[in-house]
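What follows is the residue order along each chain.
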Amino acid sequence: MHDELRAAGQRGDDVLLIGGERDIPGIHRVPANGALRGALGGTLTSLNVRMAASWLKHWRTGRPLVSAETAASWKRWAAAAEHHERYQRTPMTDEEIREFIRTESARNPGYSRTRLHRLLRESGRACEQKRFALLYAATMEE
């Protein structure tokens, strides 16, 4: 998409880029900001979509999508909403995670994979979401 975005910037189109790896001349870029996850909800994976929706809440219909007024409103809100999350969770081995899944699935048979993962994290232990999903699938097939 870089070529298309660069062309839009050269034409002077009203383009807003949420996230992205670098600035593009002629395009207003709002870098991804993980510190807004708490205010916007959800996971970091879909943060840019929620940032875009929030930008639209600060935008006035009929005005350019990228206006000084909207940018200023967004910046004020973002500065007030930022919260830097710090987790100090204990790492686990694959076997420890599999044992957790076995034990908690037996104790709470109606819990989904997502609920079990949340339970693990709330207990102060660490496991990345994709890794947990793979271990969950393998454990449940046993």
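Positions within a chain are numbered from 1, following the residues in the order the chain's sequence is written. Where local features are concerned, this predicted model is filtered to residues with pLDDT of at least 70; where side-chain atom pairs are given and counted, the filter is 80 or more; whole-chain, interface and lining totals use all residues. Side-chain numbers here rest on the full set of heavy atoms in the structure, without hydrogens or water.

The subject of this paragraph is the overall build of the protein. When helices and strands are counted, the protein shows 7 helices and 4 strands. Listing each helix as α and each strand as β along the protein from the N terminus yields α-β-β-α-α-α-β-α-α-β-α. In terms of overall size, the protein is more extended than a compact globule, its C-alpha atoms giving a radius of gyration of 21 Å where 142 residues would be expected to give roughly 14 Å. Dimensions along the principal axes, computed over C-alpha positions, put the protein at roughly 60 × 35 × 25 Å. When checking whether two residues touch, look at their non-hydrogen atoms; a contact exists if any pair is within 4.5 Å. For the protein, the share of sequence-separated contacts (at least 6 apart) that also reach a separation of at least 24 residues comes to 42%. Where accessible areas are quoted, they stem from the Shrake-Rupley method and a 1.4 Å probe; at the residue level, only the protein chains shown are allowed to cover. When the accessible area of the protein is evaluated, it comes to approximately 9,300 Å², of which 52% is carbon and sulfur surface. Looking at the protein, you have 23 positive and 18 negative side-chain charges, and the mean spots of the two groups are 5 Å apart. Each helix is a run of DSSP H or I of at least 4 residues and each strand a run of E of at least 2, with the numbering of both proceeding from the N terminus. This radius of gyration counts C-alpha atoms alone. The globule rule is 2.2 Å times how many residues there are, raised to the power 0.38. Under the convention used here, Asp and Glu are negative, Lys and Arg are positive, and both His and the chain ends fall outside the count. Lys charges are placed at NZ, Arg charges at CZ, Asp charges at CG and Glu charges at CD.

This paragraph deals with helix 3 (residues 47–58). Expected helix span is taken as 1.5 Å per residue step, with the number of steps being one fewer than the number of residues. The end-to-end C-alpha separation of helix 3 is 17 Å, in line with the 16 Å expected for 12 residues at 1.5 Å each. Residues of helix 3 that are buried in the fold lie against strand 1 (16–18), strand 2 (28–30), helix 2 (37–40) and helix 4 (68–81).

What follows concerns the packing of aromatic side chains. Aromatic ring pairs are reported here in terms of the distance separating the ring centres and the angle at which the planes meet. Note on aromatic contacts: the rings of Phe and Tyr and the six-membered ring of Trp form a pair at centre separations within 6.5 Å, being stacked when their planes are under 30 degrees apart, edge-to-face when over 60 apart, and tilted otherwise. Taken as a whole, this structure holds 3 aromatic pairs when the rule is applied. Relative to Trp 77, the ring of Trp 74 lies with its centre 5.2 Å away and its plane at 45 degrees, an arrangement referred to as tilted. Within this pair, Trp 74 and its partner Trp 77 are both found in helix 4, separated by 3 residues, close to a single helical turn. For every residue, the accessible area (1.4 Å probe, protein chains only) is compared with the maximum for its type, and the residue is labelled buried under 20%, exposed over 50%, or partly exposed between those bounds. Residue classification places Trp 77 among the partly exposed residues on the basis of a relative accessible area of 24%. Here the aromatic rings of Phe 132 and Tyr 136 are separated by 6.4 Å at their centres, their planes lie at 25 degrees, and the arrangement is stacked. With Phe 132 and Tyr 136 both in helix 7 (residues 129–141), this residue pair falls 4 residues apart, about one helical turn. Taken individually, Phe 132 and Tyr 136 each receive the classification buried, so the pair is uniform in this respect.

This next bit is on the confidence of the model for the protein. pLDDT gives the predictor's per-residue confidence on a scale running from 0 to 100. Per-residue confidence for the protein averages 92 on the pLDDT scale, and 100% of its residues sit at or above 70. Per-element mean pLDDT across the protein ranges from 90 in helix 1 (residues 2–11) up to 96 in helix 5 (residues 94–107).

A word on the environment of Pro 109. With respect to the helices, strands and loops of the structure, Pro 109 is situated in the loop between helix 5 and helix 6 (113–122). For the pair Pro 109 and Ser 46, spaced 63 residues apart in sequence, the C-alpha separation works out to 29 Å.

So, on to helix 7. The end-to-end C-alpha separation of helix 7 is 18 Å, in line with the 18 Å expected for 13 residues at 1.5 Å each. All buried positions along helix 7 are accounted for by Phe 132, Leu 135, Tyr 136 and Thr 139. One side of helix 7 carries all its buried residues, which in axial view fall inside an arc of 105 degrees. Opposite the packed face of helix 7, turned more than 90 degrees from it, sit the exposed residues Lys 130, Leu 134 and Glu 141. Of the surrounding elements, those touching the buried residues of helix 7 are helix 5 and helix 6. A 3.5 Å cut-off defines polar contacts: any pair of N or O atoms within that distance qualifies, except that in protein one atom must be a possible hydrogen donor and the other a possible acceptor, and neighbouring residues in sequence count only when both atoms are side-chain atoms. Where helix 7 begins, the capping side chain belongs to Glu 128, and its oxygen is found 3.0 Å from the backbone nitrogen of Lys 130. An arc is given here, and it is the one of the directions from the helix axis to the C-beta atoms.

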